[in-house]
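Per-entry structural report
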Amino acid sequence: YYAMTIFVIEFAAKNNFPIYIKPHPTRYTFISEQKYNFSLKKALIENKKNYPDFYYEIIDGEFNNAELLKFNNLIAITGRGTVSIECGYLGIPIINMYESFGNYAFCNNYEHSMNLFNLIKDVKKNYNKTKSQSDAIKIEAVLEKLNSERLIEFTNISKETGKIKNLEKPFFSYSTKI
């Protein structure tokens, strides 16, 4: 995942897209995750040096994902995982850098031969919020049958702290390039 994350950071910096990074909320105690996050912060700082207008913010487990609805012109990008379902339910377009959940309306899987800029434009143009929400509810219902502790809990996504963090710039918009 590190190479994919660096790719997305460099893409955002070069194209002047603000980026908000939320590390996995349940892995913060893993030594490997701590090293990953340390390296990630170094990469963000380095890209900020190379692209002074590049804006980034690291958000933590206290951030409620429903707050994403306040963003203008938002597209979420993740490695893969259940955050795709959550974004689908919220009606937020999401790109999975690794294939995840197959042919559901909330899933837009990046293939390494694709141009990320064009994929973002296509996702924005073709996104069907109603179908994404419907598909997310369907797959969540199936997954809930398999595991009683599911992730779609919007009162607060952080199971560790019970707090909600406000973003420094919650209405920051994308570049108008797309």
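Up top is the structure.
An account of the accompanying structure is given in this report.

Definitions and cut-offs
- Residues numbered from 1 in each chain as written.
- Predicted model: local features only at pLDDT ≥ 70, side-chain atom pairs only at ≥ 80, totals over all residues.
- Heavy atoms only, no water.
- Phe/Tyr/Trp six-rings, centres within 6.5 Å; stacked < 30°, edge-to-face > 60°.
- Helix = DSSP H or I, 4+ residues; strand = E, 2+ residues; numbered from the N terminus.
- Buried < 20%, exposed > 50% of the residue type's maximum accessible area, 1.4 Å probe, protein only.
- Pairing = 2+ DSSP bridges.
- Contact = heavy atoms within 4.5 Å.
- Axes fitted to C-alpha atoms, helices over the stretch in contact; angles between N-to-C directions.

Another aspect to go through is the packing of aromatic side chains. The geometry of an aromatic ring pair is captured by two quantities: the separation of the ring centres and the angle between the planes. In the structure shown here, the tally under the stated rule is eight aromatic pairs. On the basis of an interplanar angle of 80° and a centroid distance of 4.7 Å, the ring pair of Tyr-20 and Phe-71 is categorised as edge-to-face. Separated by 51 residues along the polypeptide, Tyr-20 in strand 1 (residues 19-21) and Phe-71 in the loop between strand 2 (56-58) and strand 3 (76-78) bring together distant segments of the chain. Neither residue differs from the other here; Tyr-20 and Phe-71 are each classed as buried. Aromatic pair Tyr-104 and Phe-106: ring centres 5.7 Å apart, planes at 15°, arrangement stacked. Counting every residue linked through ring pairs, the aromatic cluster contains Phe-11, Phe-17 and Phe-117.

Time to look at the sheet that holds strand 4 (residues 94-96). Judged by pairing direction, the sheet is parallel, and its three strands sit side by side in the order 3-4-5 without closing on themselves. Edge strands, defined here as strands with exactly one partner in the open sheet, are strand 3 and strand 5 (108-109). Here strand 3 pairs with strand 4 via three bridges, running parallel. Of the residues in strand 4, the one forming a bridge with Ile-77 is Ile-95. Running at roughly 140° to strand 4, helix 4 (residues 116-126) makes contact with strand 4 and strand 5 of the sheet.

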